[in-house]
Every structure is written in structure tokens, then in C-alpha cells.
Amino acid sequence: MQVSSDPWADALPLVARPSVGALLALCEENFARLARLAPDLSQLEGRRLSPHASGVDLVLEVESQTRYMTLLRLTHLFPAGEGGVRRDPDARLRAYHDARQLEVLELEQSLWSMHNGYAAPTLAHKWRANLFLAKWLDYCLGQGHCFLAAQPAISGATASGRRLPTCP
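Residues numbered from 1 in each chain as written. Predicted model: local features only at pLDDT ≥ 70, side-chain atom pairs only at ≥ 80, totals over all residues. Heavy atoms only, no water.

A few points about the layout of surface pockets
Moving on, step 1. In this model, the second largest pocket occupies a volume close to 170 Å³.
Moving on, step 2. Elements with a minimum of two residues in the lining of the second largest pocket: strand E3 (69-79), strand E4 (85-96) and helix H2 (123-142).
Moving on, step 3. A per-element tally of the lining of the second largest pocket places H2 first, with 3 residues.
Moving on, step 4. For the lining of the second largest pocket, the per-class residue count stands at 6 nonpolar, 5 polar and 1 charged. (1 Å grid on protein atoms, 1.4 Å probe; cavity = no way out; pocket = protein on both sides within 12 Å on 5 of 7 lines; lining within 4 Å. Points joined across faces, edges and corners; volume = space filled by probe spheres on them. Helix = DSSP H or I, 4+ residues; strand = E, 2+ residues; numbered from the N terminus. Nonpolar A, V, L, I, M, F, W, Y, C, P; charged D, E, K, R; others polar.)

A few points about H2
Moving on, step 1. Compared with an ideal rise of 1.5 Å per residue, which puts 20 residues at 28 Å, H2 spans 28 Å between its outermost C-alpha atoms and is within 8% of the ideal.
Moving on, step 2. Every buried residue of H2 is accounted for by His125, Trp127, Arg128, Ala129, Asn130, Leu131, Phe132, Leu133, Ala134, Trp136, Leu137 and Cys140.
Moving on, step 3. Elements that come into contact with the buried residues of H2 comprise helix H1 (20-37), strand E2 (57-65), E3, E4 and strand E5 (101-108).
Moving on, step 4. Gly144 sits one or two positions beyond H2 and adopts a positive phi of about 90°. (Expected span 1.5 Å × (residues − 1). Buried < 20%, exposed > 50% of the residue type's maximum accessible area, 1.4 Å probe, protein only. Contact = heavy atoms within 4.5 Å.)

Digging into H1
Moving on, step 1. End to end, H1 covers 25 Å across 18 residues, agreeing with the expected 26 Å (1.5 Å per residue, within 8%).
Moving on, step 2. Residues of H1 that are buried include every one of Leu23, Leu26, Cys27, Asn30, Phe31, Arg33, Leu34 and Leu37, and no others. All buried residues of H1 lie within an arc of 165° about the axis, which places them on one face of the element.
Moving on, step 3. In this structure, the buried side of H1 is in contact with E2, E3, E4, E5 and H2. (Arc of directions from axis to C-beta.)

This is the structure:
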């Protein structure tokens, strides 16, 4: 029995050979997930924290915002030695408000890296990244994370030990 070196091999039985249409449908589903996680996305600015009782906070940082698009970073912050933090997963995303699509631009996490130099990512590569994002967003929603415009922005990577209220 040969063991696959691809950690995503078992995660792809839903679509053995993804099509462009399947990828667009997944990006649309991910936009809907993000809309539940950050219902005020078009009004958010800066860095926002969604704390969790486990101590693993979720941070959403809006890098740029236009009428039709939001460029953002989403990451979990794990406590690391000497008061530091480790970002895992760490995703850079582009939300298209008019098309209601969410695209993975960069994805770093401990099992799989999306960085591939200057080569354009393949359809299967994009599918795996967006499938991971779908599962991660579902996990974040299940943990009760959310970001609202009424919550204050934070200045650093963490909220300096301060616990902000989570969304209802």
C-alpha cells in the first residue's frame, strides 16, 4: 500500500477533478461563510480580534477596502514562548462583494503551504486551498468567532491579554 505524500489527498473525494464551476461555487460558499463570520465586513477597518476561552484568538485584518472588494488577512494566534504568538493558519483573502466570491491569495499553515514561487497555481491547487478555507471558516463559526463593526479595532497582533466580548 502506497502512502500519499499529499496531506490533502483524503480531503478531495467530493470532487476528484475540480472544474472551474466547482471552484467558483466553493468560493461563493466561502463568501457566505465569511459573511456570517464578519457580517459588517464592508464597514470594518484595521485589525479586529475575536477572543476564545481556549486562548486561541482569531484575528481579521482589513488591508484595503473598496466598494467592490476587500483585501484581508485571517489568522489564529497561538501562544508561543516568551509572550510571542504563532500564526497558524494564516490566510490572505480577497472578497469580491459584487460577485459574492472569496478567493484565497496566500495560505500558510503547519500542514500545507500555498507558496509556489512565481508559478501560477493550478486549478487543483486553488481547489485545495479553498477547500481548506471552507473547513477552517466552518470551524471558526462553530467556535463562536465573529467580527462586528461595533467592536473596537486593536493596534497590535494581540489585545495585550484583554478579553473582548464575543458575538451572540
